[in-house]
Amino acid sequence: MSAPRDLNADSAIGFLGGRLDLSPASTACLLAGGVSNTVVLVEDGDQRIVLKQALPRLRVRDEWLADRARVLREWEVIGALGAVLPKGRLPELLFCDEVNFLYAMRAAPAGSADWKTMLLAGRCDSATARQAGATLGLAARATWGAAAFERSFSDRTAFDQLRTDPYYRTIARRHPCLADRVEYWIAESAMRNVAMVHGDWSPKNLLVGEAGIVCIDFECAHFGDPSYDAGFLLNHLILKAFHRPAIAGSYLGLARAAFCWTLAMLPPAGLSWFEAASVRHLAFLMLARVDGKSPAEYLDEGKREAVRRLALCLIDAEPRSLDATLAHAERALDGLAP
């Protein structure tokens, strides 16, 4: 079998040839695909198509390898979730190329922006936070205890390679005093097999347009512990408060709004444990974004140290509510210059 062909701006239109009707005027450009994928946008008049190919080695300083077949699983997850989530929340799929570990989808509407870029610019839109939280809760409710989803998506290989090891196990190695607590939490979370998990519910994967958000990047998705996603989003929003402490209150307000809407959409079965589990994930994830394999690039060393102190405090204190967690964050932010 021949080696997979690399996707780039020069080869993208060739991948589409014979599959879609394109004019000679079509163009292709490389997009920011994060550290784990190559992503190319092809435009042909009003037609906008995105191709995504999984990389075997991620673009980070430390060696970080991952199974390229994760992108094929992502294709399947988007198709399955698209049947249970509101129309427009997920991309429209076009075709999957198993040999070359890529798939194609319709691009988000022109003018859409990823929520991370908006947040870093200080644009704190509460409607987007509510929609991000509600969509997460809806996905959990729609798949809660669903045997078909569990049968299809119980494998966690990509999640382990792209999240558990580079985030949780890396901080355990770099903070040996936490190793037992980290491994205990990994095991406890693994026992909560209740609903679909996105695995990267980050603002960079929420594209904001006039019709609302479009959710992308499901390569870590699996059936498991959905409180991971809630903690993941909370962590990103709190980190933005450290990035721009002068408007920290706005970011913390977004965290409250998003989480409130997630809770509102959950089935009753999750309400007894979901909040405490979410903020426990948040504590470890916060440390991982300064001492894991993928540190938050927008934090300078002084702010990373402040985040590190807060994360270690949360890991020790084990708050069980978002309010208690945000109270710790507010105290940590008080010492930062605006």
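Above this text sits the structure in question.
Source: prediction; values computed, not measured.

J.: Can you help me understand the layout of surface pockets in this one?
T.: Vacant regions in the atomic arrangement are exposed by a probe of water-molecule size rolled over the atoms. Of the voids in this model, the second largest pocket is the one considered here, and its volume is about 220 Å³. What lines the second largest pocket is simply Arg181, Tyr184, Trp185, Glu188, Arg192, Trp273, Ala276, Ala277, Arg280, Glu318, Pro319 and Arg320. At the level of elements, helix H7 (179-190) and helix H10 (274-291) are the ones that each hand at least two residues to the lining of the second largest pocket. In terms of residue class, the lining of the second largest pocket is made up of 6 nonpolar, no polar and 6 charged.

J.: How do you make sense of the side chain of Ser202 when you look at a structure like this?
T.: Note that Ser202 resides in the loop between strand E7 (195-197) and strand E8 (206-209). Residue class for Ser202 comes out buried when judged on its relative accessible area of 1%.

J.: Looking at this structure, I do not really get the side chain of Asp44. What am I missing?
T.: For Asp44, the position within the fold is in strand E2 (residues 37-44). For the buried Asp44, no salt bridge exists, and the shortest N-O distance to an oppositely charged side chain is 8.9 Å, to Arg106. Apart from residues no more than four positions distant in its own chain, Asp44 is found in contact with Asp21, Leu22, Ser23, Ala25 and Ser26.

J.: What's the story with the state of the cysteines in this structure? I'm lost.
T.: Linking two cysteines covalently through their sulfur atoms gives a disulfide. Tallied over the entire structure, the rule returns 0 disulfides. Considering cysteine sulfurs only, Cys215 is the nearest to Cys220, which forms no disulfide, with 15 Å between them. For Cys220, a relative accessible area of 2% puts it in the buried group. No disulfide involves Cys313; its sulfur sits 14 Å from that of Cys177, the nearest cysteine. For Cys313, a relative accessible area of 32% corresponds to the partly exposed category.

Rules used in this analysis
Residues numbered from 1 in each chain as written. Predicted model: local features only at pLDDT ≥ 70, side-chain atom pairs only at ≥ 80, totals over all residues. Heavy atoms only, no water. 1 Å grid on protein atoms, 1.4 Å probe; cavity = no way out; pocket = protein on both sides within 12 Å on 5 of 7 lines; lining within 4 Å. Points joined across faces, edges and corners; volume = space filled by probe spheres on them. Helix = DSSP H or I, 4+ residues; strand = E, 2+ residues; numbered from the N terminus. Nonpolar A, V, L, I, M, F, W, Y, C, P; charged D, E, K, R; others polar. Buried < 20%, exposed > 50% of the residue type's maximum accessible area, 1.4 Å probe, protein only. Lys, Arg positive; Asp, Glu negative; His and termini not counted. Salt bridge = Lys/Arg side-chain N within 4 Å of Asp/Glu carboxyl O. Contact = heavy atoms within 4.5 Å. Disulfide = S-S within 2.5 Å.

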